[in-house]
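# Coordinates in review
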Amino acid sequence: MTTVAPRKREYGKGSLTVATWIIAILFVFPLLWMILTAFKQEADAYTDPPKLFFTPTFEQLGNVLSGGFLPYLSNSAFVTILSTALVLLFGVPAAYALSLAPVKGTSNALGFFLSTKMLPIVAAIIPLYVISQNTELLDTVWALVILYTSMNLPLAIWMMRSFFLEVPHEMIEAGRIDGANLPTLLRKIIMPVVAPGIAATALICVIFSWTEFFYAVNLTAARAGTVPVFLVGFITSEGLYWAQLSAAALLASLPVMIVGWIAQNHLVRGLSMGAVK
Amino acid sequence: MSTLSVSTPTSQTHAKVEEKRGLSTAAKRRLPLLPALIFVIAVTQLPFLLTVFYSFQSWNLVRPGSRHFVGLDNYIDVFSDTTFLVALLNTVLLTVVCVFVALLLGLGLAILLDRKFLGRGVVRTLLITPFLILPAAGALLWKTTMFDPTYGLLHFVFGTDTDWLSEFPLASVMAQIVWQWTPFMMLLILAGLQSQAKDVLEAANVDGAGRWRTFVSITLPHLSRFLQLATLLGAIYIVNSFDAIFLMTQGGPGTASTNLPYYIYQRAFEGFDVGQSSAMGVIVVILTMIVATFALRLMFRTFSVSGGIK
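Residues numbered from 1 in each chain as written. Chains lettered and ligands numbered in written order. Predicted model: local features only at pLDDT ≥ 70, side-chain atom pairs only at ≥ 80, totals over all residues. Heavy atoms only, no water.

On to the packing of aromatic side chains. By the definition in use, this model includes 35 aromatic pairs over all chains. Considering the side-chain rings of tryptophan 164 of chain B and phenylalanine 168 of chain B, the 5.9 Å spacing of their centres and the 40° angle between planes classify their relative orientation as tilted. When its relative accessible area of 40% is taken as the criterion, phenylalanine 168 of chain B is described as partly exposed. A network of ring pairs unites the aromatic residues Tyr129, Phe213, Phe214 and Tyr215 of chain A together with Phe242, Phe246, Tyr262, Tyr265 and Phe269 of chain B as a single cluster. We note arginine 269 of chain A situated over the ring of phenylalanine 163 of chain A; from NZ or CZ to the ring centre the distance is 4.0 Å. Lying over the aromatic face of phenylalanine 226 of chain B, arginine 225 of chain B brings its terminal NZ or CZ to 5.0 Å of the ring centre. (Phe/Tyr/Trp six-rings, centres within 6.5 Å; stacked < 30°, edge-to-face > 60°. Buried < 20%, exposed > 50% of the residue type's maximum accessible area, 1.4 Å probe, protein only. Lys NZ or Arg CZ within 6 Å of the ring centre and 35° of its normal.)

Okay, the UniProt feature "transmembrane region" (unreviewed entry) in chain B next. All names here are of chain B. When the UniProt feature table is mapped onto this chain numbering, "transmembrane region" (unreviewed entry) sits at residues 31-56, 84-113, 125-142, 173-193, 226-248 and 279-300. Note that residues 125-142 is 89% helix and 0% strand, and that its end C-alpha atoms are spaced 21 Å apart. Spanning residues 173-193, this segment combines 100% helix with 0% strand, and its end C-alpha atoms are found 30 Å apart. (UniProt positions renumbered as here; feature names shortened; annotations may be inferred. Helix = DSSP H or I, 4+ residues; strand = E, 2+ residues; numbered from the N terminus.)

Turning to empty space enclosed by the protein, a few remarks are in order. The final tally for this structure, using the stated rule, is four cavities of 30 Å³ or more. Size it by volume and the largest cavity reaches roughly 780 Å³. Lining the largest cavity are 36 residues; nearest its centre among them are Ile121, Met151 and Glu212 of chain A together with Tyr237 and Asn240 of chain B. When the residues that make up the lining of the largest cavity are grouped by side-chain class, the tally is 25 nonpolar, eight polar and three charged. Put simply, the second largest cavity is a space of about 50 Å³. Lining of the second largest cavity is provided by Ile126, Tyr129 and Val130 of chain A together with Leu61, Ala268, Phe269 and Val274 of chain B. When contributions to the lining of the second largest cavity are tallied by element, the ones reaching two or more residues are helix H6 (122-134) of chain A together with helix H14 (260-269) of chain B. If you tally residues by element for the lining of the second largest cavity, the top one is H6 of chain A, at three residues. (1 Å grid on protein atoms, 1.4 Å probe; cavity = no way out; pocket = protein on both sides within 12 Å on 5 of 7 lines; lining within 4 Å. Points joined across faces, edges and corners; volume = space filled by probe spheres on them. Nonpolar A, V, L, I, M, F, W, Y, C, P; charged D, E, K, R; others polar.)

What follows covers the nonpolar core. Counting residues in hydrophobic clusters, the biggest one holds 184 residues, and the most contacted among them are Phe113 and Leu231 of chain A together with Phe246 and Leu247 of chain B. Looking at this core, the element that brings in the most residues is helix H10 (residues 169-194) of chain B, giving 16 residues. Contacts of leucine 231 of chain A, omitting those with residues within four sequence positions, involve Ala248, Ala249 and Ala252 of chain A together with Leu134, Ala136, Ala137 and Leu140 of chain B. (Core = buried A, V, L, I, M, F, W, Y, C linked by side-chain atoms within 4.5 Å. Contact = heavy atoms within 4.5 Å.)

Further remarks concern the UniProt feature "transmembrane region" (unreviewed entry) in chain A. All names here are of chain A. Summarizing the sequence annotation, UniProt attributes the feature "transmembrane region" (unreviewed entry) to residues 16-36, 77-98, 110-130, 142-164, 185-210 and 241-263 in the numbering used throughout. Taken end to end, residues 16-36 is 95% helix and 0% strand, and its two terminal C-alpha atoms sit 28 Å from one another. As a span, residues 241-263 carries 91% helix and 0% strand, and end to end its C-alpha atoms are 33 Å apart.

Orientation of helix H5 (residues 106-118) of chain A relative to helix H3 (residues 34-55) of chain B, taken along the N-to-C sense of each, is 30°, at an axis distance of 11 Å. In terms of axis orientation, H5 of chain A runs roughly parallel to H3 of chain B. Where H5 of chain A crosses over H3 of chain B, the handedness of that crossing is left-handed. Contacts from Phe112, Phe113 and Thr116 of chain A of H5 of chain A reach H3 of chain B at Ala36, Leu37, Val40, Ile41, Thr44 and Gln45 of chain B. Class assignment of the residues belonging to the contact of H5 of chain A with H3 of chain B gives a composition of six nonpolar, three polar and no charged. (Axes fitted to C-alpha atoms, helices over the stretch in contact; angles between N-to-C directions. Parallel < 35°, antiparallel > 145°, perpendicular 65-115°, else oblique. Left-handed = near helix turned anticlockwise from the far one by under 90°.)

It is worth spelling out the UniProt feature "domain: ABC transmembrane type-1" (unreviewed entry) in chain B at this point. Under the UniProt annotation, the feature "domain: ABC transmembrane type-1" (unreviewed entry) is placed at residues 88-295 of chain B. Counted over residues 88-295 of chain B, helix gives 78% and strand 0%. Its end C-alpha atoms are 19 Å apart.

With that settled, consider the interface of chain A and chain B. Note: interface size is frequently given as the accessible area lost on complex formation between the parts. Contact residues are listed per partner, giving 98 residues for chain A and 99 residues for chain B. Roughly 8800 Å² is buried in total at the junction of chain A and chain B, and carbon and sulfur atoms are behind 81% of that figure. Linking chain A to chain B there are zero salt bridges. In this assembly, chain A and chain B are joined by ten residue pairs in polar contact (both at pLDDT 80 or more). (Buried area = accessible area lost by both parts, 1.4 Å probe. Salt bridge = Lys/Arg side-chain N within 4 Å of Asp/Glu carboxyl O. Polar contact = N/O pair within 3.5 Å; in protein donor to acceptor, adjacent residues only side chain to side chain.)

Let us now look at the confidence of the model for chain B. All names here are of chain B. For chain B, per-residue confidence averages 84 on the pLDDT scale, and 89% of positions sit at 70 or higher. At the low end of the mean pLDDT range in chain B sits helix H1 (residues 2-7), at 34; at the high end sits helix H5 (residues 82-113), at 95. Segment residues 305-310 is flagged for pLDDT under 50; beyond a separation of four residues in sequence, or across chains, it makes 16 contacts in the model. Of the two predicted TM-score estimates for the complex, the pTM is 0.88 and the ipTM is 0.88. (pLDDT = per-residue confidence, 0-100.)

Bringing the pattern of salt bridges into the picture now. Residues and elements named next belong to chain A. Tallied over the full model, the rule gives four salt bridges over all chains. With a closest N to O distance of 3.1 Å, arginine 269 and glutamate 166 form a salt bridge. Linking arginine 269 in helix H13 (residues 264-271) with glutamate 166 in the loop between helix H7 (141-164) and helix H8 (169-177), this pair joins segments that are 103 residues apart in sequence. Residue arginine 269 is classed as buried on the basis of its relative accessible area of 12%. By relative accessible area, glutamate 166 is classed as partly exposed at 36%.

This is the structure we're talking about:
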């Protein structure tokens, strides 16, 4: 009994593990296929039946990089970095005010921030277009910087607040009794606890800014297009350049994929605005 | 504080100082919040007010000088516009189906991942990656390599020449959105599963409850908060779906896969009809507000459990 039962269970576990692996690979297969296709020649990219084995080439990746991708990449990098910096600049003090030094109407303020995430962005796109046209911000990276900051700020405040709430109250009290002033408290007690949370928040803002499509497509054109806008260019080719499209999609997604893998343990908490620990 | 104890003022000035100090403390405490609050109000609320203002005007960008007030005409037009109603229906369908299917798949994957096995970290990383690639890239990828009637993988698997995007446009878009959002649901539910107290599960095991019974009576109730949250957040994002429709079907064929974000975009940026698209925007906001009121109430219950609102 003692010898058979565990073995059977182990066997069962083993097949479940194999099943999990198979399901996972099937699920991400479109993605794996994209990565494979990115290293194909165009002729190998669309064949019937699809080609699994081929001579890999870096030609497509090279073509994308030399084919006008870089300005989009630099626009994306600029908008993402600047808007994330602004989110932290506005968001850290706000999260502090809503957690460790709660003001009157804290829950109203939190509710307000949350409600902005629920309003459909399409309903504001026309005025935003008109405003940016009149202020000559249309097709500039600045319009996107402002909009992405406002898009990520509510989420970031919720998320960072949940990290601030984790600072042990006794530690702050003890620090106060020892005569530490606010800057010292922040530097010595609060920041060490919340710094990883702030970093995770920043990474999530980076993901959202990098992948944002709606504002970018409608408010930019030739000059300020971001990486997702670059991909739209492939829609006219009606799928004729699959290998190059795959290479572009891979290059465009790579920064976010890396950031996401780094932040995966914090991803849930950030995306749930701190509701899940 | 130290200055007060040193100067030892008379009781009258003391009170005054206290009052002043109280006021300035409140202001000081509010100060860190203000930049964020003002910024968000300016960038998100003012455009909405302008949308309302535009919605009472007849204003087409391609006809300069045509701008004038028309009262509620735009709203009357919107409600008698069958495309708007189709788009509304598609939006509801898309959101409900995608959230539900992604939630179910996410639950299944989360259960598979909620145990120790060889390469668990790798599998988890693999599974979250569809959520991390650019939605625009995901949409184009599905359009070409999955749905293409001649060279697509679905053609290869099923051996039919089905042109998925024109024969099943909405379902095709849904498939891509579900694929992209399942990892998010999985992550949230996995967090829920892992926060479950192990001793309760062991006790159930000792009491002779089978796996299914344990799942239904203990795990599901524990997960309900996480499932609600996943539904809510998924719905917030999926209701605004634009990338997949814009890149895969352009809302077509006809209006078969047009949702509200895409239709408003079309009226505004292809029809240049500011007045009418604004009226649609206002209607969408009102509808969202009705749904969101319930959602927010639910959400606040969810949030006050963890961390809490102090």
